[in-house]
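Each chain is listed here by its residues.
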Amino acid sequence: MTADVPHETAASRATDRPGDASPFALGLLLRQAHWRAATVMTEALRPLGIELRHFSVLIVLADRGATVQRDLATATGSDKAGIMRVVDDLERMGLAVRKTVPGDRRVRAVEITPRGVELFDAAHVAAEPLAGRLVAELGPGEAEQLKDLLTRFAYPAGGEA
């Protein structure tokens, strides 16, 4: 710390504890919430033989249909190499297939298979009771409110980051 930084700025430390006024508090709370949700959802997916990284791709494919790999990477927040590994895994498991895109033999679209759809549906059934644990401490209507707030936070109306 330099001598010209006022001492009182050092008093606000970044934590994820309730009441923290640090500008980092929200990000830390979101990180902790993500970790908790990911841990619970991983537990739901484990018996099905897939990981969250696989399921995030299946979500995009079930929602959008056949999707080129670069768009999968963007949609899942992955990089090119990471998405290739995930799609390789999904193909090996019979949950997705790569197909050439008409008009461009270099580009491959990834498509969910019927077996992938079955697993996608089974994952939702397996996750339902575990998802309830995530919001067990919330009052009536608060789970829906939390989803609404997080949706608006993650996808602002103006599209800014």
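Residues numbered from 1 in each chain as written. Predicted model: local features only at pLDDT ≥ 70, side-chain atom pairs only at ≥ 80, totals over all residues. Heavy atoms only, no water.

**A short note on the sheet that holds strand β2 (residues 96-101)**
- Taken together, 3 strands build an open sheet; the order of strands is β1-β3-β2 and the sheet is antiparallel. Each end of this open sheet is capped by a strand with a single partner; those strands are β1 (67-68) and β2.
- The pairing of β1 with strand β3 (residues 104-112) spans 2 bridges and is classified as antiparallel. Paired with T67 across the strands is V110, a residue of β3. (Pairing = 2+ DSSP bridges. Helix = DSSP H or I, 4+ residues; strand = E, 2+ residues; numbered from the N terminus.)

**Concerning the nonpolar core**
- Counting 20 residues, the largest nonpolar core has I50, F55, V57, L58, L61, L72 and L90 as its most contacted members.
- At the level of elements, α2 (52-64), α3 (69-76), α4 (80-92), β3 and α5 (114-134) are the ones that each hand at least two residues to this core.
- No other element matches α2, which puts 5 residues into this core.
- The contact partners of I50, leaving out residues within four places of it in the chain, are L45, F55, L58, M93, L95 and L119. (Core = buried A, V, L, I, M, F, W, Y, C linked by side-chain atoms within 4.5 Å. Buried < 20%, exposed > 50% of the residue type's maximum accessible area, 1.4 Å probe, protein only. Contact = heavy atoms within 4.5 Å.)

**Let's talk about the packing of α2 against α4**
- Put simply, α2 and α4 touch, their axes get as near as 10 Å, and they point 85 degrees apart. Between α2 and α4, the angle falls in the class roughly perpendicular. Here R53, H54, V57 and L58 of α2 come into contact with α4, specifically with I83, V86, D89 and L90. (Axes fitted to C-alpha atoms, helices over the stretch in contact; angles between N-to-C directions. Parallel < 35°, antiparallel > 145°, perpendicular 65-115°, else oblique.)

**With respect to a nonpolar patch on the surface**
- On the surface, V135, L138, L146 and L150 cluster together to form a nonpolar patch covering roughly 270 Å² of accessible area.
- Topologically, L138 is positioned in the loop between α5 and α6 (142-154). (Patch = residues over 30% accessible without salt bridge, like charges linked within 9 Å, V, L, I, M, F, W, Y side chains within 5 Å. Areas by Shrake-Rupley, 256 points an atom, 1.4 Å probe, with all protein chains shown as cover. Salt bridge = Lys/Arg side-chain N within 4 Å of Asp/Glu carboxyl O.)

**Quick word on the pairing of β2**
- Bridging between β2 and β3 involves 6 bridges; their strand directions are antiparallel. The partner of R98 across the bridge, within β3, is V110.
- Between β2 and β3, which pair antiparallel in sequence order, lie 2 residues; one of them, G103, sits at a positive phi of approximately 95 degrees.

**Quick look at helix α1 (residues 25-45)**
- Its 21 residues place the ends of α1 30 Å apart at the C-alpha level, agreeing with the 30 Å of an ideal helix rising 1.5 Å per residue.
- Where α1 is buried, its residues meet α2 and α5. (Expected span 1.5 Å × (residues − 1).)

**Here we look at the packing of aromatic side chains**
- Under the counting rule described, the total for this entry stands at 1 aromatic pair.
- With a centroid separation of 5.4 Å and an interplanar angle of 20 degrees, the aromatic rings of F55 and F120 are classed as stacked. Here the residue F55 occupies a position in helix α2, and F120 occupies one in helix α5, the gap between them amounting to 65 residues.
- On the basis of relative accessible area, F55 is assigned to the buried category, the value being 11%. (Phe/Tyr/Trp six-rings, centres within 6.5 Å; stacked < 30°, edge-to-face > 60°.)

Note that every value here comes from positions in space, so none of it alone points to a role or purpose.
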